Amino acid sequence: MKKPSWIIAKERNLRASAQETVWLFGLHAVRDALLNPAREKLRLIVTKNAADRLGDALNAGPEPEMADPRKFPAPLDPGSVHQGAALEVRALDWGRLDDLAYIADGATPRLLLLDRVTDPHNVGAILRSAEVFGAKAVIAPRRHAAPETGALAKTASGALERQPYLRVTNLGDTMERLRNMGYLLAGLDGDGDQTLADLGQSCAGRPLALVLGAEGPGLRARTRELCDQLVRIEAMGSFGSLNVSNAAAVALYATKAT
C-alpha cells in the first residue's frame, strides 16, 4: 500500500533534520559540548592557544584541526567571537515531553514555556537561568522560536549541554497536555490580575509551568487563553520593563520549589 503524501513529506523532513549540523563556538560552549557524551561531534577546529586552554577536553572529540587565528576556517557568521575554537555537531535529542515533564511523587517541578521567543541570545540566557534555578526543561515551538545555534550555545555558556531545550510541534497542545499531567500554567503578562509574589505563595506545593512571550508582542491570544493564571512582575517605578530573559530568571527565583 502506498504511503500518503503527507507521511512521505513528514519522513523526508525528519531525515533532513537529522542531517543538519550546528557549529558551536567559544571556549565554554565547545568544552562543554566535547565533554557531553550525548552530543554527536563531527569536526573540531582550534587555534594553538585554544587547544592549550581546552586541555584534556580535546580527547573527547574528533581529531582537532589546527588553524591560524588570522584565517579561522570554520563557517561562522562574521563577528562571531569564537575564541579560537569551533565544533561542528548535530543537535541534541532531548526525547519526549512526557519523560521530561514527568511528575514524581511529591515533586513540584518547574518548566519554562517560550511563546515565539526568537532571539538566540535571549534563549541562551534563559537556558542558563533555567539550569541555575533547577527548571526541568525549557520548551518552545519548533517554528517561530530560536533554533539551536552557535550564538545561542555561546550565550548559554555550556547550559545547552545540560538543560533540556525541547522543541514541540504545537505550544498550545503542549500546554493542554501539561495541564492534564497536573501542571499549573502561569503566563507572565504586564496586565496580569495577580503579582508574581502572589503566585510564589499559591504554587508552593504544585508543579508549575511559566509561560513567557516575545518582547513586544507578548503572549499570543490562544496562549493567554490556555493559561490558568496571568501574573505580572511588579515594578518599583511607574515605567520600565524587563527583557524576556531577565523576566524568566526573576520568575524562576520567585517561584522556586522549596
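Residues numbered from 1 in each chain as written. Predicted model: local features only at pLDDT ≥ 70, side-chain atom pairs only at ≥ 80, totals over all residues. Heavy atoms only, no water.

Visitor: Help me out: how do you make sense of the overall build of the chain in this one?
Guide: Looking only at helices and strands, the chain has 10 helices and 11 strands in total. By the compact-globule yardstick of 18 Å for 258 residues, the chain fits well, its C-alpha radius of gyration being 20 Å. Seen through its principal axes, the chain has C-alpha atoms that stretch 60 × 55 × 35 Å. Relative to its full complement of 258 residues, the chain shows a buried share of 46%. In the chain, once contacts between residues fewer than 6 apart in sequence are set aside, the share between residues at least 24 apart is 79%. (Helix = DSSP H or I, 4+ residues; strand = E, 2+ residues; numbered from the N terminus. Rg over C-alpha atoms; globule rule 2.2 N^0.38 Å. Buried < 20%, exposed > 50% of the residue type's maximum accessible area, 1.4 Å probe, protein only. Contact = heavy atoms within 4.5 Å.)

Visitor: What is the right way to look at the nonpolar core in this model?
Guide: As a rule of thumb, soluble globular proteins bury nonpolar side chains together. Ranked by size, the top nonpolar core spans 50 residues in total, and within it L112, L127, Y165, L199, L210 and L212 carry the most contacts. Filtering out sequence-adjacent residues up to four positions away, L199 remains in contact with L184, A186, Q194, L208, L210, Q229, V231 and T255. Core analysis: the next-biggest nonpolar cluster, separate from the first, contains 19 residues, I139, V211, L219 and L226 among them. (Core = buried A, V, L, I, M, F, W, Y, C linked by side-chain atoms within 4.5 Å.)

Visitor: Is there a simple way to think about helix α2 (residues 27-34) in this case?
Guide: Note: α-helices contain 3.6 residues per turn, so residues at a spacing of three or four share the same orientation. Among the eight residues of α2, six are classified as buried, and the element is accordingly described as predominantly covered. Where α2 is concerned, the buried positions are L27, A29, V30, D32, A33 and L34. Where α2 is buried, its residues contact β1 (21-25), β2 (41-46), α3 (48-54), β4 (85-90) and α6 (150-156).

Visitor: Just to check I follow, could you spell out the layout of surface pockets for this structure?
Guide: In this model, the second largest pocket occupies a volume close to 620 Å³. Lining the second largest pocket we find 22 residues, and of these D189, G190, S241, L242 and A247 sit closest to its centre. When residues of the lining of the second largest pocket are traced back to their parent elements, those giving at least two are β10 (208-213), β11 (229-232) and α10 (244-254). Along the lines of polarity and charge, the residues of the lining of the second largest pocket split into 11 nonpolar, seven polar and four charged. (1 Å grid on protein atoms, 1.4 Å probe; cavity = no way out; pocket = protein on both sides within 12 Å on 5 of 7 lines; lining within 4 Å. Points joined across faces, edges and corners; volume = space filled by probe spheres on them. Nonpolar A, V, L, I, M, F, W, Y, C, P; charged D, E, K, R; others polar.)

Visitor: Would you mind going over the pairing of strand β7 (residues 165-168) with me for this structure?
Guide: Every regular strand shows the same layout, with side chains that alternate between the two sheet faces. The alternating pattern of β7 places Y165 and R167 on one face and L166 and V168 on the opposite face, and all of these are buried. Alignment of strand β6 (residues 137-141) against β7, held across four bridges, turns out to be parallel. Looking across to β7, one finds that I139 is bridged to L166. This β-α-β element, β6 to α6 to β7, shows right-handed connectivity. (Pairing = 2+ DSSP bridges. Right-handed = clockwise from strand over helix to strand, strands pointing away.)

Visitor: Looking at this structure, I do not really get the packing of helix α5 (residues 120-132) against α10. What am I missing?
Guide: Describing two packed helices takes the angle between their axes plus the distance from one axis to the other. For the pair α5 and α10, interaxial distance at closest approach is 8 Å and the crossing angle is 15 degrees. If you check the angle between α5 and α10, you find them roughly parallel. Between α5 and α10 lies a crossing of right-handed hand. Two secondary-structure elements touch here, α5 through N122, A125, I126, S129 and A130 and α10 through V244, S245, A248, A249 and L252. (Axes fitted to C-alpha atoms, helices over the stretch in contact; angles between N-to-C directions. Parallel < 35°, antiparallel > 145°, perpendicular 65-115°, else oblique. Left-handed = near helix turned anticlockwise from the far one by under 90°.)

Visitor: Would you mind showing me how to read the sheet that holds strand β3 (residues 65-66) here?
Guide: Sheet strands associate in pairs through backbone hydrogen bonding, adopting either a parallel or an antiparallel arrangement. With mixed pairing, four strands are arranged side by side in an open sheet as β1-β4-β2-β3. The outermost strands of the open sheet, each flanked by one partner alone, are β1 and β3. Of the strand pairs in this sheet, β1 and β4 are connected by five bridges, and their pairing is antiparallel. Residue pairing across strands places L24 opposite L87, the latter belonging to β4.

Visitor: Hey, could you run me through unusual backbone geometry in this one?
Guide: Glycine aside, negative phi is the norm for most residues, and most peptide bonds take the trans geometry. With a phi close to 60 degrees, R116 is a non-glycine residue in the positive phi region. Inspection of the secondary structure assignment puts R116 in the loop between β5 (110-115) and α5. Since its relative accessible area comes to 35%, R116 is described here as partly exposed. Of note, S157 is a non-glycine position whose phi angle comes to about 50 degrees, a positive value. Within the secondary structure layout, S157 lies in the loop between α6 and β7.

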